[in-house]
Amino acid sequence: MHDKILILDFGSQVTQLIARRIRESHVYSEIHPYDVDEAFIREFAPKGIILSGGPNSVTEAGSPRAPQIVFDLGVPVLGICYGMQTMADQLGGKVELGKLREFGYAEVRAHNHTGFLNDIEDFKDDSGHGMLKVWMSHGDKVADMPAGFRLMASTPSCPIAAMADDERRFYGLQWHPEVTHTVQGRAMLDRFVLELCGATPDWEMGHYIDEAVEKIRAQVGDEHVILGLSGGVDSSVAAALLHRAIGDQLTCVFVDHGLLRQKEAEQVMTTFADHLGVKVIHVDASTVFLSKLAGVTDPEAKRKIIGAEFVEVFQAEANKLKDAKWLAQGTIYPDVIESAGKGKKGAHTIKSHHNVGGLPETLNLKLLEPLRELFKDEVRELGVKLGLPPAMVYRHPFPGPGLGVRILGEVKREFADLLRRADAIFIETLRTTIDKETGKSWYDLTSQAFAVFLPVKSVGVMGDGRTYEYVVALRAVQTLDFMTAHWAHLPHELLGHVSNRIINEVRGVNRVVYDISGKPPATIEWE
């Protein structure tokens, strides 16, 4: 059994980052709603508990509170932002609305040599006080600390920016250590998890394979499993893991909806069927999908059509496999967290996911989700250890509806073919262009890059004639967590080369533009 850290979620949009940072330190962590019952927490047996931030105000009647068992269990507790405020309120302190709100970068002064912040600092001010560069996001503030707490840090507008009760090992931070903007955030979480909680850092993907294989075999027995293989990272790693565990008891169904990247279908079949020896049924359903999308321009409508048709095609193939008892999915932990948030009082859910629930009951299959405990970076690491090509495992994210949401407006086969070629030129150039300063390719230096088809035509000149053809937009971003992103400052020479190749090689395009929007205010995908 692994040591575990329990994270109680009060609805912050960055709660997932807390769990990810702890997993990066090789300690297992799970996120659960703040209102889980006492029996669950006792059975979970955490080495420590973290109370996340959230959008509510502790000063409001009926706002969320942590279960009392959190403070009675005798394990270290860390409250972050709202978590600190409800800790203060529940233990007898006072929280009030702040006159000045703090959002974004802040510099906090450390006070006292508490067990939490001792020797952690970014610089010293002119008076020799230890200072920290952090990221704040709060309106309320702790006005009076509960009995037993000492001041741990302050800012001019927030006199109690952190507090500590070393005897009970209770700590509160008004800033967010989980975000990269807090420079020493990793050191703070390591201090709490590894030192104050004493958790053993034994959460490793190499060990996880053996555990997962044993668990899958015990769960499945001698029954057969089918998996919808999309070619994306999650379903690919799920297929490789299941094949390692049960071999020929696994059959994959690969549905080509006509909206994949260039030569993607061939790559999937080569990797799984030829090299790994996985049983893969290849279904070319592009004609059906594209006919269903004819005339549809609304992005959400396109997503629903693609999702519904995928289920139809997959179900038709599944019905042919009479001995299949299990349906495997590439559900990963962020999917589980976001879907579990629906309906909870403290959670502000961003989106739901097609592969968590929503399956037709007529399949009559038991559900198998071998990756549901893992974050994306853990899935990638697992994929490499299972022998998948790194180029496949570390490929940039690709939306489930594929090019269907990168073709703005109506989806047509000619548009998909055009976009496929333009996108391939962009990606090939990123892969082959090396940045002299870092020695890495620009593909590795960007987190996500792709081309977008715009349903507008512009006037151009080619040779002696005027043209009236389509526009392609290029998008490339750099991010650590995909919650915020900066547009990638690609070299002008690279962009010029890509533009020239697309216009010359992709008939039907006479103009290429580059998207220089960050997230926020824009999203990474255009639809």
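Residues numbered from 1 in each chain as written. Predicted model: local features only at pLDDT ≥ 70, side-chain atom pairs only at ≥ 80, totals over all residues. Heavy atoms only, no water.

- Going by what an unreviewed UniProt entry lists, the protein chain is known as GMP synthase [glutamine-hydrolyzing] and is assigned to Caballeronia terrestris.
- Looking at the Function (unreviewed entry) heading of the UniProt record, one finds this comment for the protein chain: "Catalyzes the synthesis of GMP from XMP."
- Under the UniProt heading Pathway (unreviewed entry), the note attached to the protein chain is "Purine metabolism; GMP biosynthesis; GMP from XMP (L-Gln route): step 1/1." (UniProt positions renumbered as here; feature names shortened; annotations may be inferred.)

1. As for helix 9 (residues 286–293)
Point 1. Within helix 9, burial applies to Ser286, Phe289, Leu290 and Leu293. Here the buried residues of helix 9 occupy an arc of 95 degrees about the axis, which is enough to place them on one side. (Buried < 20%, exposed > 50% of the residue type's maximum accessible area, 1.4 Å probe, protein only. Helix = DSSP H or I, 4+ residues; strand = E, 2+ residues; numbered from the N terminus. Arc of directions from axis to C-beta.)

2. Looking at the nonpolar core
Point 1. One finds Leu259, Ile407, Phe426, Leu430, Leu474, Leu490 and Ile502 to be the most contacted residues of the largest nonpolar core, which totals 48 residues.
Point 2. The dominant element in this core, judged by the number of residues it contributes, is helix 14 (residues 413–432), at nine residues.
Point 3. Built from parts of two domains, this core gets at least three residues from each of domain 2 (205–394) and domain 3 (413–514).
Point 4. If sequence neighbours within four positions are ignored, Leu490 has contacts with Phe426, Leu430, Trp442, Thr446, Ala476, Leu495 and Tyr514. (Core = buried A, V, L, I, M, F, W, Y, C linked by side-chain atoms within 4.5 Å. Domains from an automatic or database assignment. Contact = heavy atoms within 4.5 Å.)

3. As for the packing of aromatic side chains
In this description, a pair of aromatic rings is defined by centroid distance and the angle of the planes.
Point 1. Applying the stated criterion across every chain, the model contains 13 aromatic pairs.
Point 2. Judged by centre distance (5.2 Å) and plane angle (15 degrees), the rings of Phe10 and Tyr34 are stacked. In this pair, Phe10 sits in the loop between strand 1 (4–9) and helix 1 (15–24) while Tyr34 sits in the loop between strand 2 (28–33) and helix 2 (38–44), placing the two residues 24 residues apart along the sequence.
Point 3. Relative accessible area serves as the criterion here: at 6%, Tyr34 is assigned to the buried category.
Point 4. Taking 6.2 Å as the distance between ring centres and 75 degrees as the angle between the ring planes, the aromatic pair formed by Trp487 and Tyr514 counts as edge-to-face. (Phe/Tyr/Trp six-rings, centres within 6.5 Å; stacked < 30°, edge-to-face > 60°.)

4. Thoughts on the UniProt feature "active site" (unreviewed entry) in the protein chain
Point 1. Taking the UniProt record as the reference, the feature "active site" (unreviewed entry) is found at Cys81, His176 and Glu178. Across 98 residues in sequence, these annotated residues keep their C-alpha atoms within 11.2 Å of one another, forming a single compact spot.
Point 2. As for its placement among the helices and strands, His176 is situated in the loop between strand 10 (170–173) and helix 5 (185–196).
Point 3. Residue classification places His176 among the buried residues on the basis of a relative accessible area of 4%.
Point 4. Contact partners of His176, with chain neighbours within four places excluded, come to Ser12, Val14, Gly53, Ile80, Cys81, Trp135, Ser137 and Thr182.
Point 5. Following the sequence through the fold, Glu178 ends up in the loop between strand 10 and helix 5.
Point 6. Residues in contact with Glu178, not counting those within four places in the same chain, are Val14, Leu17, Ile18, Arg21, Ile80 and Leu189.

5. Some thoughts on the domain arrangement of the protein chain
Point 1. Taken domain by domain, the protein chain holds domain 1 (4–195), domain 2 (205–394) and domain 3 (413–514).
Point 2. Just the C-alpha atoms count here: the centres of domain 2 and domain 3 sit 29 Å apart.
Point 3. On the domain 3 side, the residues contacting the 10 residues of domain 2 number eight residues.
Point 4. Contact between domain 2 and domain 3 buries roughly 630 Å² in total, counting both sides, with carbon and sulfur atoms accounting for 45%.
Point 5. Counting the contacts that link domain 2 with domain 3 gives zero salt bridges.
Point 6. Linking domain 2 to domain 3 there are three residue pairs in polar contact (both at pLDDT 80 or more). (Buried area = accessible area lost by both parts, 1.4 Å probe. Salt bridge = Lys/Arg side-chain N within 4 Å of Asp/Glu carboxyl O. Polar contact = N/O pair within 3.5 Å; in protein donor to acceptor, adjacent residues only side chain to side chain.)

6. Quick word on the UniProt feature "binding site: ATP" (unreviewed entry) in the protein chain
Point 1. With numbering matched to this structure, UniProt assigns "binding site: ATP" (unreviewed entry) to Ser230, Gly231, Gly232, Val233, Asp234, Ser235 and Ser236.
Point 2. Structurally, Val233 is set in helix 7 (residues 233–246).
Point 3. Mapped onto the secondary structure, Ser236 falls in helix 7.
Point 4. The buried category is assigned to Ser236, whose relative accessible area is 1%.
Point 5. Aside from chain neighbours lying at most four places away, what touches Ser236 is Leu229, Gly231, Phe272, Leu388 and Met392.

7. A word on the side chain of His396
Point 1. Along the chain, His396 falls in the loop between helix 13 (390–393) and helix 14.
Point 2. The class of His396 is buried, set by a relative accessible area of 7%.
Point 3. At a separation of 3.0 Å, a polar atom in the side chain of His396 contacts the main-chain amide nitrogen of Ala449.
Point 4. Not counting chain neighbours up to four residues away, the residues in contact with His396 comprise Arg261, Tyr443, Thr446, Ser447, Gln448 and Ala449.

8. Some thoughts on helix 7
Point 1. Counted at 1.5 Å a residue, the expected span for helix 7 with its 14 residues is 20 Å, and the 20 Å between its end C-alpha atoms agrees.
Point 2. The buried fraction of helix 7 amounts to 12 of the 14 residues, a majority that puts the element mostly inside the structure.
Point 3. Two residues or fewer past helix 7, Gly247 is found with a positive phi of approximately 55 degrees. (Expected span 1.5 Å × (residues − 1).)

9. Notes on unusual backbone geometry
Point 1. Residues Lys519 and Pro520 are joined by a peptide bond in cis, for which omega reads -15 degrees.
Point 2. Considering the arrangement of structural elements, one finds Pro520 in the segment after strand 19 (509–514).
Point 3. Omega for the peptide link from Pro520 to Pro521 comes to 10 degrees, which places this bond in the cis form.
Point 4. With respect to the secondary-structure elements, Pro521 resides in the segment after strand 19.
Point 5. Residue Arg169 is not a glycine yet carries a positive backbone phi of 60 degrees.
Point 6. As for its placement among the helices and strands, Arg169 is situated in the loop between strand 9 (158–165) and strand 10.

10. Focus on the pairing of strand 12 (residues 250–256)
Point 1. Among the seven residues of strand 12, seven are classified as buried, and the element is accordingly described as predominantly covered.
Point 2. Of the two faces of strand 12, the one carrying Leu250, Cys252, Phe254 and Asp256 and the one carrying Thr251, Val253 and Val255 are both buried.
Point 3. Sheet topology places strand 11 (residues 224–228) next to strand 12; four bridges connect them, and they run parallel. Paired with Ile226 across the two strands is Thr251, which belongs to strand 12.
Point 4. Handedness of the strand 11-helix 7-strand 12 crossover: right-handed.
Point 5. Across six bridges, the pairing between strand 12 and strand 13 (residues 279–284) is parallel. Each residue of the ladder has a partner; that of Cys252, found in strand 13, is Val280.
Point 6. Taken together, strand 12, helix 8 (residues 264–275) and strand 13 form a β-α-β motif whose crossover is right-handed. (Pairing = 2+ DSSP bridges. Right-handed = clockwise from strand over helix to strand, strands pointing away.)

11. Notes on the sheet that holds strand 13
Point 1. Read across the sheet, five strands follow the order 13-12-11-14-15 without closing on themselves; strand pairing throughout is parallel. The sheet is open, and its two edges are formed by strand 13 and strand 15 (366–368), each paired on a single side. Looking at each pair of strands side by side, their axes are set apart by 30 degrees on average, direction ignored. (Axes fitted to C-alpha atoms, helices over the stretch in contact; angles between N-to-C directions.)

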